[in-house]
Amino acid sequence: MTVLRSALDSGSAEYLAAAAAMDGKLTEIEGEFAKAVAGGGPDKLARHRKRGKLTARERIELLVDEDSPFLELCPLAAWGSEFQVGASVIAGIGIVAGVECVIVAPDPTVRGGTSNPWTLRKNLRVNDIAMENRLPVIGLVESGGADLPTQKEVFVPGGRMFRDLTRLSAAGIPTIALVFGNSTAGGAYIPGMSDYTVMIKERSKVFLGGPPLVKMATGEESDDESLGGAEMHARVSGLADYLAADEQDAIRIGRSIVKRLNWTKRGPRPRAEVLEPRFDQEELLGIVPSDLKIPFDPREVIARVVDDSDFDEFKPLYGSSLVTGWAELHGYPVGILANARGVLFSEESQKAAQFIQLANRKNTPLLFLHNTTGYMVGREFEQKGIIKHGAMMINAVSNSKVPHLTLLMGASYGAGHYGMCGRAYDPRFVFAWPSAKSAVMGGAQLAGVISIVGRAATEAKGLPFDEAADAGMRAAIEAQIEAESLPMFMSGRLYDDGVIDPRDTRTVLGMALSAVHNAPIEGADGFGVFRM
Ligand code: COA
C-alpha cells in the first residue's frame, strides 16, 4: 500500500496562522491581478466599447469552448516596472474546438496594445511554450506595434516574434491570426507569417506603412482601406484567407479553422478513471509556515495533489531531505522530487541524479516541488564532495529530456534553485505559491556576506570599521533582497509563469501536464559525464 497518510491538523494554531498568512498574500496578489484585468482603465475601456469592440478578455472567452478552463500565463508580467501589470497582453492556454491552444491577445486599451520590453518577453515565453509542447497558436491581433519610447529594447530582439511564428509553422504547429484592428508596420508580419489569417470587414488594418508614412516615402495619396483594409486583403492582396463580417464572426471562423486542423496529441493518453486525492485540497492553504525557516513535510502537499494520494516513495531511507517517488496526476504518470528539510546534501544529490535517470528511462514527466536553501556548505561537506554531487544533480536536470514542471512552494535559494530545475533549466512550466521566495541566498545571509567582505577589506587597509554605517547598510540590503525575492517581483520579471492559489495546484498542474502531452514524451539517451 503506497497511499500517503496525513498528520496535518487543520485545527492547530500553526495551521491557522499559516493559512491566515497565505490568505493575506493571496489577497495582495489578487489586487495586482485586478489591475491587469482592468486594462487601460475606465476611460479607455469606455472608448473601446463605444467603438463597438469586445475587450481582449471577452474575445478569449468567446473563442474557448464553453465552460472550459483558461490557464492564464504570466498575468503579473511587468509588475514593479513602469508598465501596466500584465504587460498589455493576455496570454494562456485555452481549449478551442477540443484542442489545447496557446492564445495571445494584446490589450488595445493599454497604450494601444503596444509591445513594451515586458510584452515582448511574455510573447516570446508563450511562443516557447507553444514550440516545446506542440500547441497551436492563435493570435487575437490588435496592436499599435512597438512601444516607441522603449523601441531600443524592443526593436532588435522583437524580430524573434516573427521568426518564432514561421518556425512553429515549419515544425508543423499551426499558427492562426484573427485580426481585430490595427496590425501595422512590424505588426503586419503577424498575419503575414501565420498559416491562417482572418480579417474583419472595416475593422482590420494591416499595412507596412499607414497613409502619412506612404505620403512621406513616395508622395502617394492613399487611405487606410485601400492600403490595408480587410476587403482589400481578402479580394486583392490575398493576405486574408477569410473575411469576417464582425468580431463574433471572426471568432467563429477561428474556431472552425481549429476544428479542421485534424490535431492529434502525440503524447500518451491519461488513465481514463482518475481518483481524487484522499485529503482536502483546501488544506493546501496552511501547510507552508509563514516563517520559511520552519520545515514542513512535502508529503502533506503531495497527498493533496496526486491521484488517490498514492505516492510510491523511492529510496525513502536515503538522503531523506529530498523526497522522491512516483505518482499519477489527473491520470498522467509523474516522478516527484520535493525538498523536505531545506538543505541538499551529497546523498540527496546522488539520489536525485539516479531518480531523474530512471524517469528518463521510462519516459515519465518530472515535478519539482521547491523548498530549499541550497546545497550544504562547510568543511566536512566540501571534503565529501558536495560540489561533485550537486553538479551530478544539475547535470541530470540539465540533460533530462522528459517534460519538467516546477512549483516553488517555499524557499528556492542558491544552486538548489538550479538543481531543482529553476527557470534557467527550461522546465515546461514554472508556477509559484504566494509563499515562495527565491534569491541567490536569504537577505540576512547576503547582507552578512557583504559586511564580512567589507570589514576584511577595511581592516586590510588598516582603517577603522564604521559599525553604524555597516548596520545601516545591512538593513537596507536585507530589505532590498527580501523585496526582490517575493513572488510578485519574480513573476513580474517572468521568472515564473504565474503565482497560483495553492488550492488550485492539482488543477493547474493537471492542465500543464495535459498541455505537455501534445508533444511526444521521450526521455534522454545520454547525460553529461557524471563525476562520481
Ligand atoms: N508607442 C507608445 N505608445 C503608443 C503607441 C506606440 N507605438 N501607439 C499608441 N500609443 C499610446 C498613445 O500615446 C495613447 O497614450 P495615452 O493613453 O497616454 O494617451 C495610447 O497609446 C492610446 O493611443 P490612441 O492613439 O489614443 O488609441 P487608438 O486606439 O485610437 O489608436 C493605435 C491606437 C495603435 C492605432 C494608434 O495609437 C497608432 O497608430 N499608434 C502608432 C502606431 C505605430 O506607428 N507603431 C509603430 C509600429 S513599429
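What counts, and at which threshold
Residues numbered from 1 in each chain as written. Predicted model: local features only at pLDDT ≥ 70, side-chain atom pairs only at ≥ 80, totals over all residues. Heavy atoms only, no water. Pairing = 2+ DSSP bridges. Helix = DSSP H or I, 4+ residues; strand = E, 2+ residues; numbered from the N terminus. Axes fitted to C-alpha atoms, helices over the stretch in contact; angles between N-to-C directions. Contact = heavy atoms within 4.5 Å. 1 Å grid on protein atoms, 1.4 Å probe; cavity = no way out; pocket = protein on both sides within 12 Å on 5 of 7 lines; lining within 4 Å. Points joined across faces, edges and corners; volume = space filled by probe spheres on them. Nonpolar A, V, L, I, M, F, W, Y, C, P; charged D, E, K, R; others polar. Domains from an automatic or database assignment. Buried < 20%, exposed > 50% of the residue type's maximum accessible area, 1.4 Å probe, protein only. Expected span 1.5 Å × (residues − 1). Polar contact = N/O pair within 3.5 Å; in protein donor to acceptor, adjacent residues only side chain to side chain. Core = buried A, V, L, I, M, F, W, Y, C linked by side-chain atoms within 4.5 Å. Salt bridge = Lys/Arg side-chain N within 4 Å of Asp/Glu carboxyl O. Disulfide = S-S within 2.5 Å. Phe/Tyr/Trp six-rings, centres within 6.5 Å; stacked < 30°, edge-to-face > 60°. Lys NZ or Arg CZ within 6 Å of the ring centre and 35° of its normal. Near = heavy atom within 4 Å. Areas by Shrake-Rupley, 256 points an atom, 1.4 Å probe, with all protein chains shown as cover.

1. Some details on the sheet that holds strand E7 (residues 242-244)
Sheet architecture is open: seven strands sit in the order E1-E2-E3-E4-E5-E6-E7, paired in mixed fashion. Each having just a single partner strand, strand E1 (70-73) and E7 make up the two edges of the open sheet. Neighbour-to-neighbour, the strand axes of this sheet turn through a mean angle of 20°, independent of strand direction. On the sheet, helix H9 (residues 230-237) packs against strand E6 (196-200) and E7 and is oriented at approximately 155° with respect to E7.

2. Things to note about unusual backbone geometry
Not every positive phi belongs to a glycine, and Cys74 is a case in point at roughly 50°. Here Cys74 lies in the loop between E1 and strand E2 (89-96). Phi angles above zero are rare outside glycine, and Arg134 is one such case at about 55°. Counting through the fold element by element, Arg134 comes out in the loop between helix H4 (117-133) and strand E4 (137-143).

3. Regarding the layout of surface pockets
If a probe as big as a water molecule is rolled over the atoms, it shows which places are left empty. Space inside the largest pocket adds up to approximately 830 Å³. The wall of the largest pocket is formed by 34 residues, among which Thr373, Tyr413, Met441, Gly442 and Gln445 lie closest to the centre. If you list the elements that add at least two residues to the lining of the largest pocket, you get strand E11 (342-344), strand E12 (366-375), helix H14 (386-399), strand E13 (404-413), helix H15 (414-419), helix H16 (443-460) and helix H17 (467-485). Looking at the lining of the largest pocket residue by residue, the classes come out as 16 nonpolar, eleven polar and seven charged. Each of two domains, domain 1 (1-11 + 267-441 + 486-532) and domain 3 (443-484), supplies a minimum of three residues to the lining of the largest pocket.

4. Things to note about empty space enclosed by the protein
On inspection of all chains with the given rule, the structure shows three cavities of 30 Å³ or more. Of the volumes computed, that of the largest cavity is approximately 80 Å³. As for the largest cavity, its lining consists of 14 residues, and the residues nearest its centre are Ala36, Val85, Gly86, Val89 and Ile90. Across the lining of the largest cavity, the residue classes break down as seven nonpolar, three polar and four charged.

5. Digging into the side chain of His233
Topologically, His233 is positioned in helix H9. On the accessibility criterion, His233 (6% relative accessible area) is buried.

6. Some points on helix H10 (residues 247-259)
An ideal rise of 1.5 Å per residue puts 18 Å on 13 residues; H10 measures up with 19 Å between its terminal C-alpha atoms. Of the positions making up H10, those classed as buried are Glu247, Asp249, Ala250, Ile251, Ile253, Gly254, Ile257 and Val258. The N-capping residue of H10, defined by a side-chain oxygen 3.4 Å from the backbone nitrogen of Gln248, is Asp246.

7. Remarks on the nonpolar core
Nonpolar side chains in soluble globular proteins generally cluster together in the buried interior. Counting 61 residues, the largest nonpolar core has Ile336 and Phe429 as its most contacted members. Of the residues forming this core, the biggest block, six residues, is contributed by helix H19 (residues 505-516). Here this core spans two domains, and each of domain 1 (1-11 + 267-441 + 486-532) and domain 2 (39-259) adds at least three residues to it.

8. With respect to the pattern of salt bridges
Under the counting rule described, the total for this entry stands at 35 salt bridges. With its nearest N and O atoms 3.0 Å apart, the salt bridge here joins Asp147 to Arg111. One end of the pair, Asp147, is in the loop between E4 and helix H5 (151-170); the other, Arg111, is in the loop between strand E3 (99-106) and H4, and 36 residues separate them in sequence. Take Arg111: its relative accessible area is 49%, and that puts it in the partly exposed class. The partner of Lys201 in a salt bridge is Glu231, and the shortest N-O contact between them spans 3.4 Å. With Lys201 in the loop between E6 and helix H7 (211-218) and Glu231 in helix H9, the pair connects residues that are 30 residues apart, well separated along the chain. The network of salt bridges with shared partners includes Lys53, Arg59, Glu142, Arg203 and Glu247.

9. Comments concerning the state of the cysteines
Taken as a whole and assessed by the stated rule, the structure comprises zero disulfides. Left unpaired, Cys421 is separated from the closest cysteine sulfur, that of Cys74, by 16 Å.

10. A short note on the packing of aromatic side chains
Tallied over the full model, the rule gives seven aromatic pairs. Between Phe314 and Phe355, the aromatic rings sit 5.6 Å apart at their centres with planes inclined by 40°, giving tilted as the arrangement. A residue pair is termed long-range when its members are at least 10 positions apart, and Phe314 in strand E8 (residues 312-314) and Phe355 in helix H12 (residues 346-361) qualify at 41 residues. Take Phe314: its relative accessible area is 18%, and that puts it in the buried class. When its relative accessible area of 0% is taken as the criterion, Phe355 is described as buried. One aromatic cluster in this structure is built from Phe314, Trp326 and Phe355. Note that Arg121 overlies the ring of Trp118, its terminal NZ or CZ placed 4.3 Å from the centroid. The side chain of Lys315 reaches across the aromatic face of Tyr318, ending 5.2 Å from its centre.

11. Considering H12
The end-to-end C-alpha distance of H12 is 23 Å, a good match for the 22 Å that 16 residues give at a rise of 1.5 Å each. Residues Ser346, Glu348, Ser349, Lys351, Ala352, Ala353, Phe355, Ile356, Ala359 and Asn360 constitute the buried set of H12. Residue Asn363 follows H12 closely and has a positive phi angle near 50°.

12. Focus on the pairing of E12
Across the ten residues of E12, nine count as buried, placing the element largely inside the fold. Looking at chain direction, strand E10 (residues 332-339) and E12 are connected through four bridges and run parallel. Bridge assignment links Ile336 to a residue of E12, and that residue is Leu367. Across six bridges, the pairing between E12 and E13 is parallel. Among the inter-strand pairings, Thr372 is bridged to a residue of E13, identified as Ser412.

13. Let's talk about the site of the ligand
The environment of the ligand is formed by 13 residues, the closest being Lys44, Arg47, Arg51, Gly144 and Ala146. Contact between the ligand and Arg47: an oxygen atom at 2.9 Å from a side-chain N or O atom of the residue. Backbone polar atom of Gly112 to an oxygen atom of the ligand: 3.4 Å apart, as the coordinates give it. Across the complex, the protein chains shield 54% of the 860 Å² of accessible surface that the ligand would expose by itself. Taken together, the residues of the shell around the ligand break down into four nonpolar, four polar and five charged.

Function-wise, these values are silent; they only describe arrangement.
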